[in-house]
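# Architecture at a glance
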Amino acid sequence: MFNDEFNNTLVLKKSKTGESIQLDQRRIQLRENQNGLMALSYVAPIFEMMDLEDFFDTMDSSGKLTMDIGGTGEVNVNFRGIIEGKAKNFSRNLDHKILLLEESHCYKPGEYIQVKRVSKFMPRGRFSK
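Attention in this report is confined to the structure presented alongside it. In this text, all values refer to a predicted model and were calculated from it rather than measured experimentally. (Residues numbered from 1 in each chain as written. Predicted model: local features only at pLDDT ≥ 70, side-chain atom pairs only at ≥ 80, totals over all residues. Heavy atoms only, no water.)

## Some points on the overall build of the chain
Applied cut-off: Counting from the N terminus, the helices are the DSSP runs of H or I reaching at least four residues and the strands are the DSSP runs of E reaching at least two. For each residue, the accessible area found with a 1.4 Å probe, counting protein chains only, is set against the maximum for its type, and the residue is called buried under 20%, exposed over 50%, and partly exposed in between. In what follows, residue pairs with any heavy atoms lying within 4.5 Å of each other are defined as contacts. All accessible-area figures derive from a Shrake-Rupley calculation using a 1.4 Å probe, and residue coverage is judged against the displayed protein chains alone.
Helix and strand content of the chain: 1 helix and 7 strands. Counting every position in the chain, which comprises 129 residues, the buried fraction comes to 29%. Considering only intrachain contacts with a sequence separation of at least 6, the fraction spanning at least 24 residues in the chain is 50%. Entry remark: accessible area of the chain is about 10200 Å², with carbon and sulfur atoms responsible for 49%.

## Topic: the pattern of salt bridges
Put simply, the test is: Whenever Lys or Arg places a side-chain nitrogen within 4 Å of a carboxyl oxygen from Asp or Glu, that contact is recorded as a salt bridge.
For the structure on display, the rule yields 8 salt bridges. Salt-bridge contacts for Lys 97 lead to Glu 84; the nearest nitrogen and oxygen are separated by 2.1 Å. Here the residue Lys 97 occupies a position in strand β7 (residues 94–103), and Glu 84 occupies one in strand β6 (residues 74–84), the gap between them amounting to 13 residues. Of the residues examined, Lys 97 reaches a relative accessible area of 5% and is grouped as buried. Linking Asp 95 and Lys 97 is a salt bridge whose minimum nitrogen-to-oxygen distance equals 3.9 Å.

## A few points about the nonpolar core
Rules: Nonpolar cores were defined as sets of buried Ala, Val, Leu, Ile, Met, Phe, Trp, Tyr and Cys residues, with membership established by side-chain atoms within 4.5 Å.
Membership of the largest hydrophobic core comes to 20 residues, with the highest contact counts inside it found for Leu 12, Leu 23, Leu 40, Phe 56 and Leu 101. Among the secondary structure elements, those contributing two or more residues to this core are β1 (9–14), β2 (20–24), β4 (37–45), α1 (46–56), β5 (64–69), β6 and β7. If we skip the residues at most four places from it in the chain, Leu 101 touches Leu 12, Gly 36, Leu 37, Met 38, Leu 40, Leu 65, Met 67, Val 77, Asn 78 and Phe 79.

## Focus: the layout of surface pockets
The line we're drawing: With a 1 Å grid spanning the protein atoms alone, the term cavity applies to any set of points in which a 1.4 Å probe fits but cannot get out, the term pocket to an open set with protein on both sides within 12 Å along at least five of seven lines, and the term lining residue to any residue with an atom within 4 Å of a point. Grid points are joined across faces, edges and corners, and a volume is the space filled by probe spheres set on the points. Residues are grouped as follows: Ala, Val, Leu, Ile, Met, Phe, Trp, Tyr, Cys and Pro are nonpolar; Asp, Glu, Lys and Arg are charged; all remaining types, including Gly, are polar.
Here the largest pocket defines a volume of roughly 190 Å³. Lining the largest pocket, in full, are Lys 14, Ser 15, Lys 16, Thr 17, Thr 58, Met 59, Asp 60, Ser 62, Gly 63 and Lys 64. Considering only residue class, the lining of the largest pocket consists of 1 nonpolar, 5 polar and 4 charged.

What follows is the structure, encoded as structure tokens:
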């Protein structure tokens, strides 16, 4: 399934400490929405899930990470949290977690400014002249 030049691991590394964890890509499903929020669904044995939870135990909900998929290069992401996945007839020794990650942006000056008025407030009563 994978070419020789790519490996089948996903590496998450903390930006502050350099601590990293490797996840097997064959157990991962990655989805992204239009706003850059990624849901990384991971099904693995319980002992691997304990390592994953320990890795993210001390991180804030806006912690900085780098993500490397298959050795293709590091991408900056923000950690948003871990949620329990719904069980789908897994055996007793498997667990399902969903990691929420957000693509990290470096905004340019002026991108924060809203040029156009966005309020659509309309008064309830009409004013007479």
